[in-house]
Amino acid sequence: ILLFNKNGELLLTRRAIEPHKGMLDLPGGFIDPMETAEEAARREIREELGIEIHSLKYFCSFPNEYIFSGYSVFTLDLTFLATTDQFGEMKAMDDIASFEFYKPQEIDLNEIPSISMKNIIKEIIQREGHY
């Protein structure tokens, strides 16, 4: 999920668990059986940050390889732009240790372990002002 504050900064989270504990990530997660991508986006934000999001708009997708317990899981990471009026109510929960805001062009991609998340951030920078 892409959430920008009023200063144009993107919300990133710090992972609280392996894989890649302590590294930067976008908030989100896996879709449960019989759940839509939009339902999953809303649920994941509630679980990870304790807030509600609005106006989901599809942004892009990238393939990814997620290594978990020694197994490769191949995913297609869907990305949505969302809004919220609850930034002040956020709290790090579930598998999130903390959250931070960055101007997209100032994000250190070396702190992002996922190739799909790196590609999503590159896409944000490429499309800046067009979404």
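All values derive from a computational prediction rather than experimental measurement.

### What about unusual backbone geometry?
Part 1 of the argument: A cis amide bond links E18 to the next residue, P19, at an omega of 0 degrees.
Part 2 of the argument: Despite not being glycine, S55 shows a phi value in the positive range, around 45 degrees.
Part 3 of the argument: Within the element layout of this structure, S55 appears in strand β4 (residues 54-68).
Part 4 of the argument: What makes S55 partly exposed here is its relative accessible area of 48%.
Part 5 of the argument: Despite not being glycine, D94 has its phi angle at roughly 60 degrees, a positive value.

### Describing the pattern of salt bridges
Note that side chains of opposite charge can pair when their charged atoms are close.
Part 1 of the argument: Throughout the structure, instances matching the rule amount to 9 salt bridges.
Part 2 of the argument: D25 serves as the salt-bridge partner of R15, at 3.0 Å between the closest nitrogen and oxygen. Taken as a pair, R15 in strand β2 (residues 10-15) and D25 in strand β3 (residues 24-25) lie far apart in primary sequence, 10 residues in all.
Part 3 of the argument: Here D25 falls in the buried class, since its relative accessible area comes to 15%.
Part 4 of the argument: Of the charged contacts in the structure, one is a salt bridge between R43 and E44, with a shortest N-O distance of 3.1 Å.
Part 5 of the argument: Using a relative accessible area of 13% as the deciding quantity, one classes R43 as buried.
Part 6 of the argument: Through salt bridges with shared partners, a single network forms among D32, E35, R43, E44 and E47.

### A look at the nonpolar core
Part 1 of the argument: Core analysis: the largest hydrophobic core is formed by 16 residues, its most contacted members being L2, L10, L12, L26, I107, I112 and I120.
Part 2 of the argument: Of all elements in the fold, only β2, β4 and α2 (115-126) reach the threshold of two or more residues within this core.
Part 3 of the argument: A total of 4 residues in this core trace back to one element, the largest contributor, which is α2.
Part 4 of the argument: Every residue in contact with L2, bar those within four places of it in the chain, is listed here: L10, L26, F59, T79, F80, L81, A82, I120 and I124.

### Side note on a nonpolar patch on the surface
Part 1 of the argument: On the surface, I31, Y58, L76 and L78 cluster together into a nonpolar patch covering about 390 Å² of accessible area.
Part 2 of the argument: The class for Y58 is partly exposed, based on a relative accessible area of 45%.

### Concerning the packing of aromatic side chains
Part 1 of the argument: Inspection of every chain in the model, using the stated rule, returns 3 aromatic pairs.
Part 2 of the argument: Ring geometry for F30 versus Y66: centroids 5.3 Å apart, planes at 80 degrees, classification edge-to-face. Remark: Y66 occurs in strand β4 and F30 occurs in the loop between β3 and α1 (37-49); sequence separation between them is 36 residues.
Part 3 of the argument: Using a relative accessible area of 46% as the deciding quantity, one classes F30 as partly exposed.
Part 4 of the argument: The exposure class assigned to Y66 is partly exposed, which follows from its relative accessible area of 21%.
Part 5 of the argument: Residues F87 and F101 carry aromatic rings whose centres are separated by 5.4 Å and whose planes lie at 75 degrees to one another, so their mutual orientation is edge-to-face. Here F87, found in the loop between β5 (71-83) and β6 (96-102), pairs with F101, found in strand β6; they are 14 residues apart in sequence, far enough to count as distant.
Part 6 of the argument: Residue classification places F87 among the partly exposed residues on the basis of a relative accessible area of 23%.
Part 7 of the argument: Residue classification places F101 among the partly exposed residues on the basis of a relative accessible area of 27%.
Part 8 of the argument: Above the face of the F59 ring, R127 is positioned so that its terminal group lies 4.1 Å from the ring centre.

Rules used throughout
- Residues numbered from 1 in each chain as written.
- Predicted model: local features only at pLDDT ≥ 70, side-chain atom pairs only at ≥ 80, totals over all residues.
- Heavy atoms only, no water.
- Helix = DSSP H or I, 4+ residues; strand = E, 2+ residues; numbered from the N terminus.
- Buried < 20%, exposed > 50% of the residue type's maximum accessible area, 1.4 Å probe, protein only.
- Salt bridge = Lys/Arg side-chain N within 4 Å of Asp/Glu carboxyl O.
- Core = buried A, V, L, I, M, F, W, Y, C linked by side-chain atoms within 4.5 Å.
- Contact = heavy atoms within 4.5 Å.
- Patch = residues over 30% accessible without salt bridge, like charges linked within 9 Å, V, L, I, M, F, W, Y side chains within 5 Å.
- Areas by Shrake-Rupley, 256 points an atom, 1.4 Å probe, with all protein chains shown as cover.
- Phe/Tyr/Trp six-rings, centres within 6.5 Å; stacked < 30°, edge-to-face > 60°.
- Lys NZ or Arg CZ within 6 Å of the ring centre and 35° of its normal.

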